[in-house]
Amino acid sequence: MAGIFRDNLLAGKVAYVTGGSSGIGQRMAERLAAQGAKVMIQGRDQAKLDAAVSQIHDAGGEAAGVAADVRDYDATETALAQCKEVFGPIDILIAGAAGNFPAPALGMSSNGFKAVMDIDLLGTFNVCRAAHQFLNKPGASIIAISAGQAQAPMAFQAHVCAAKAGVEMLVKSLALEWGREGIRLNCITPGPTDDTEGMRRLAPSEEHRAKVLRSVPLGRMGTRDELADLALFLSTEAAGYITGSIFHCDGGTSISGRGLAI
Ligand code: COA
């Protein structure tokens, strides 16, 4: 599905998407490929990577997968080098790999907290830091995926709140440091989005779902397609003067004042 934009906006571009074999990252990878970008997907699970790549191929796009954990800097750097070798310098980087589980602070070990900090925050740093040398500069666009928890504290989400708040500040800091090189960095902050692992974990029942919807001014869940369209916009020159910004695609949840109570 090409979305609402005219076709082939990203012809000749190279995109690299972490967490691109499932959920929001997968739909973004598909959208960029549908618009003509060559897409390299980084994930941890080879079978999921293969399936995601096949789906892009079946839709007529160009893609490849590389297995590496964003927590491992060296493995991530090697994967990014492989992308440059196979497809060329990277124009678009989406840092989408994330981990989450709902648990009270006293119900998670130090290692549980660290697992999410390492995937979400350190992982985003790792991929941005390692990708810098392989970016097509000037003109490269980096997009990190944040969450409403970055700004609205949420019970049972201390690890994610801390990690995603860090992601948003990391993106703003790197936007300051790398702006002169023509690298833009922005965050997409999804709200409650259908058909995602995050919602399956945070709102596993109809009761949870109804509760979540009460804090969404638009009164419905978002879709992965809507997030993919935003990522596409931020990947193009139409967003050429936008950097260091946080884009909420959340039906107004961030202004509802109640956050996403579980
Ligand atoms: N409640 C409390 N602690 C939990 C937990 C839960 N539901 N799930 C995992 N943990 C703890 C584990 O007990 C472990 O701590 P310990 O060593 O002290 O026992 C720690 O978290 C790491 O778990 P582990 O399964 O070894 O880590 P992992 O690196 O394989 O997985 C997760 C990382 C936990 C984030 C896992 O859920 C994951 O890989 N998620 C990816 C997909 C995802 O979360 N998608 C949603 C994105 S919004």
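Shown above is the structure to which this text applies.
What this report covers is the structure whose coordinates are included nearby. (Residues numbered from 1 in each chain as written. Predicted model: local features only at pLDDT ≥ 70, side-chain atom pairs only at ≥ 80, totals over all residues. Heavy atoms only, no water.)

**Structural notes on the nonpolar core**
The test is simple: The nonpolar core is taken to be a set of buried Ala, Val, Leu, Ile, Met, Phe, Trp, Tyr and Cys residues, with the residues joined through side-chain atoms within 4.5 Å. The classification of residues rests on relative accessible area computed with a 1.4 Å probe and restricted to protein chains. Under 20% of the type maximum is buried, over 50% is exposed, and intermediate values are partly exposed. For helices the rule is a DSSP run of H or I covering at least 4 residues; for strands it is a run of E covering at least 2, with both sets numbered from the N terminus onward. Any two residues having at least one pair of non-hydrogen atoms within 4.5 Å are treated as being in contact.
In terms of nonpolar packing, the biggest core is built from 32 residues, with Y16, L80, I90, I142 and L185 touching the most fellow members. Going through the elements one at a time, β1 (14-18), β3 (62-67), α3 (73-87), β4 (92-95), α4 (110-131), β5 (141-145), α5 (158-178) and β6 (184-190) are the ones with two or more residues in this core. Among the elements that make up this core, the one with the highest residue count is α5 (6 residues). In this structure, L80 is in contact with Y16, I90, L93, V127, A130, A131 and F134, ignoring residues within four places of it in sequence. Within the second largest apolar cluster, 28 residues are counted, among which are L10, I94, L232 and L234.

**Considerations on the pattern of salt bridges**
Note the following rule: Note on definitions: salt bridges are taken to be side-chain nitrogens of Lys or Arg within 4 Å of carboxyl oxygens of Asp or Glu.
Tallying each qualifying case throughout the model produces 13 salt bridges. R31 is the partner of D225 in a salt bridge, and the nearest nitrogen-oxygen pair spans 3.2 Å. A residue pair is termed long-range when its members are at least 10 positions apart, and D225 in helix α8 (residues 224-235) and R31 in helix α1 (residues 23-34) qualify at 194 residues. Take D225 and R31: they sit in the same class, and that class is buried. The partner of K164 in a salt bridge is D120, with the nearest N and O atoms 3.8 Å apart. Within this pair, whereas K164 is found in helix α5, its partner D120 is found in helix α4, the two being separated by 44 residues in sequence.

**A few points about the sheet that holds strand β2 (residues 38-43)**
We apply this condition: Pairing between two strands is assigned when DSSP locates at least 2 bridges connecting them. Inter-axis angles, ranging from 0 to 180 degrees, are taken between N-to-C directions of lines fitted to C-alpha atoms, where helices are fitted over the stretch in contact.
One open sheet holds the 7 strands; their spatial order is β3-β2-β1-β4-β5-β6-β7, and the pairing between them is parallel. Only two strands of the sheet have a single neighbouring strand rather than two, namely β3 and β7 (246-249). For this sheet, the mean angle separating the axes of adjacent strands, direction not counted, is 20°. Both β1 and β4 contribute to a ladder of 4 bridges, which runs parallel. Within β4, the position partnered with Y16 by the bridge is L93. Packed on one face of the sheet, α4 meets β1, β4, β5 and β6 and runs near 165° to β4. Running at roughly 160° to β6, α5 makes contact with β5, β6 and β7 of the sheet.

**Some details on the site of the ligand**
Filter applied, for reference: Note on terminology: near, applied to a residue and a molecule or strand, indicates that one of the residue's heavy atoms is within 4 Å of it. The term polar contact refers here to a pair of N or O atoms within 3.5 Å; inside protein, the definition further demands a hydrogen-donor-capable atom paired with an acceptor-capable atom, and it admits residues adjacent in sequence only when both atoms are side-chain atoms. Calculation of accessible area relied on Shrake-Rupley with a 1.4 Å probe; when residues are assessed, cover is drawn exclusively from the protein chains displayed. For this classification, Asp, Glu, Lys and Arg are treated as charged, while Ala, Val, Leu, Ile, Met, Phe, Trp, Tyr, Cys and Pro are nonpolar and the rest, including Gly, are polar.
Taken together, 16 residues lie around the ligand, and R44, R71, N100, S109 and R201 are the ones closest in. One of the side-chain nitrogen or oxygen atoms of R201 is found 2.8 Å away from an oxygen atom of the ligand. In isolation the ligand offers 920 Å² of accessible surface; the protein chains occlude 56% of this area. A per-element tally of the shell around the ligand places α4 first, with 4 residues. Of the residues assigned to the shell around the ligand, the class counts are 5 nonpolar, 7 polar and 4 charged.

**Details of the state of the cysteines**
The condition that has to hold: Whenever a pair of cysteine sulfur atoms sits within 2.5 Å, that pair is classed as a disulfide.
What the rule picks out here adds up to 0 disulfides. Left without a disulfide partner, C83 is nearest to the cysteine sulfur of C128, which lies 14 Å away. Counting only cysteine sulfurs, C187 is the nearest neighbor of C128, a cysteine outside any disulfide, at a range of 9.2 Å.

**What to know about the layout of surface pockets**
Filter applied, for reference: Points on a 1 Å grid over protein atoms alone make up a cavity when a 1.4 Å probe fits among them but cannot get out, and a pocket when they form an open set with protein on both sides within 12 Å along at least five of seven lines; lining residues each have an atom within 4 Å of a point. Grid points are joined across faces, edges and corners, and a volume is the space filled by probe spheres set on the points.
In this model, the largest pocket occupies a volume close to 1100 Å³. What lines the largest pocket is a set of 49 residues, among which G96, A98, G99, E197 and G198 lie closest to the centre. Broken down by element, the lining of the largest pocket gets its largest block of residues, 6 residues, from helix α6 (residues 197-202). For the lining of the largest pocket, the per-class residue count stands at 17 nonpolar, 20 polar and 12 charged.

**Comments concerning the side chain of Q26**
Mapping Q26 onto the fold places it in helix α1. For Q26, a relative accessible area of 11% translates into the label buried. Reaching out from Q26, the side chain makes a polar contact with the side chain of Q55 at a distance of 3.4 Å. Aside from chain neighbours lying at most four places away, what touches Q26 is G19, G20, S21, A52, Q55 and R224.

**Side note on α8**
Our working definition: Any helix carries an expected span of 1.5 Å times its number of residues minus one.
The first and last C-alpha atoms of α8 sit 16 Å apart over 12 residues, in line with the 16 Å expected at 1.5 Å per residue. In terms of residue burial, α8 counts as a mostly covered element, since 10 of its 12 residues are buried. Regarding α8, the residues found buried are R224, D225, L227, A228, D229, L230, A231, L232, L234 and S235. For α8, the elements touching its buried residues are α1, β4, β5, β6 and β7.

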